[in-house]
Amino acid sequence: MKVKIYQNPRCTSCRKAVKWLSDHQIEAEKIPIIEQPPNINELKQIIANSGLDVAKLFHKSGAAYRAFPKDKLREMTEEEQIALLAADGNLLRRPIITGDGKATVGFNEIEYAKTWGA
């Protein structure tokens with residue numbers, strides 16, 4: 001199986017995810033999430049495949065999210081939030097792994113084992 005992993009090589013969770021994939025012989029195309037965030041259509045597919053709400057895709061501990069006015073974010077539609085995430089990779093929770101009609105967001109070994117096999 002081959003997957004795409006949107007990641008930041010300086011991110012500890014991303015490094016753990018890359019190692020987990022490698023340890024489980026899953027080939028991964030590494031995509032720099034800051035410079036090349038998923039586009040709107042890819043984000044919609046990630047949301048559909050992961051079963052997560054768009055709010056779960058925000059990197060809430062990141063500086064870009066903390067600086068964003070929360071009242072404005074609450075007033076945005078889901079479409080507007082997705083467009084915002086597609087425009088700024090710093091706002092995205094990472095890593096994001098997609099492939100074979102599945103997607104995971106963040107690093108969780110138990111979820112990875114269920115989704116990607118162990």
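Attention here is on the structure that accompanies the text.

Helical periodicity: at 3.6 residues per turn, an α-helix aligns residues three or four positions apart in one direction. Taking 1.5 Å per residue as the helical rise, helix α1 (residues 12-23) with its twelve residues ought to reach 16 Å, and the 16 Å between its terminal C-alpha atoms agrees with that figure. Buried residues of α1: Cys14, Ala17, Trp20 and Leu21, and no others. The buried residues of α1 occupy one face: seen down the axis, they fall within an arc of 120°. Residues of α1 that are buried make contact with β1 (2-7), β2 (27-32), β3 (96-99) and α6 (109-116). Looking at the residues trailing α1, positive phi occurs at Gln25, about 50°.

The omega angle of the peptide bond from Arg94 to Pro95 is -5°, so this bond is cis rather than trans. Here Pro95 shows up in the loop between α5 (78-87) and β3. In this structure, Gln25 is a non-glycine residue whose phi angle is positive, near 50°. Residue class for Gln25 comes out exposed when judged on its relative accessible area of 67%. Despite not being glycine, Asp100 has its phi angle at roughly 55°, a positive value. Summarising the element assignment, Asp100 is placed in the loop between β3 and β4 (102-105). The class for Asp100 is exposed, based on a relative accessible area of 60%.

The subject of this paragraph is the packing of aromatic side chains. Under the definition given, this model contains three aromatic pairs. Ring geometry for Phe58 and Tyr65: centres 5.8 Å apart, planes at 55°, overall tilted. For Tyr65, a relative accessible area of 13% puts it in the buried group. The interplanar angle of 85° and the centroid separation of 5.2 Å between the aromatic rings of Phe107 and Tyr112 together place this pair among those described as edge-to-face. For Tyr112, a relative accessible area of 1% puts it in the buried group. One aromatic cluster is present, formed by Trp20, Phe107 and Tyr112 through successive ring pairs. Residue placement shows Lys70 over the ring face of Tyr65; its charged tip is 4.6 Å from the ring centre.

Moving on, we come to α5. Three or more residues of α5 are buried, namely Gln81, Ile82, Leu84, Leu85 and Ala86. On its buried face, α5 is in contact with α2 (40-50) and α4 (70-75).

Scoring rules and cut-offs
Residue positions within a chain follow its written sequence, with the count starting from 1. A pLDDT threshold of at least 70 governs which residues receive local features in this predicted model, and a stricter bar of 80 or more applies before side-chain atom pairs are shown or counted, although totals over entire chains, interfaces and linings include all residues. In computing side-chain properties, one takes all heavy atoms of the structure into account and sets aside hydrogens as well as water. Note on conventions: DSSP H or I runs of at least 4 residues are helices, E runs of at least 2 residues are strands, and numbering of each starts at the N terminus. For a helix, the expected span equals 1.5 Å multiplied by the residue count minus one. Each residue is assigned to one of three classes by its accessible area relative to the maximum for its type, calculated with a 1.4 Å probe on protein chains only: buried under 20%, partly exposed between the two thresholds, exposed over 50%. Each direction from the helix axis to a C-beta atom contributes to the arc, which is the arc of those directions. Contact definition: two residues touch when any of their heavy atoms are within 4.5 Å. The aromatic pairing rule takes the rings of Phe, Tyr and Trp, using the six-membered ring of Trp, and pairs them if the centres are within 6.5 Å, calling planes under 30 degrees apart stacked, those over 60 edge-to-face and the rest tilted. Charge-over-ring contacts are defined here by two conditions on Lys NZ or Arg CZ: a distance within 6 Å of the ring centre and an angle within 35 degrees of the ring normal.

Honestly, that's just the spatial picture; any functional story needs more than this.
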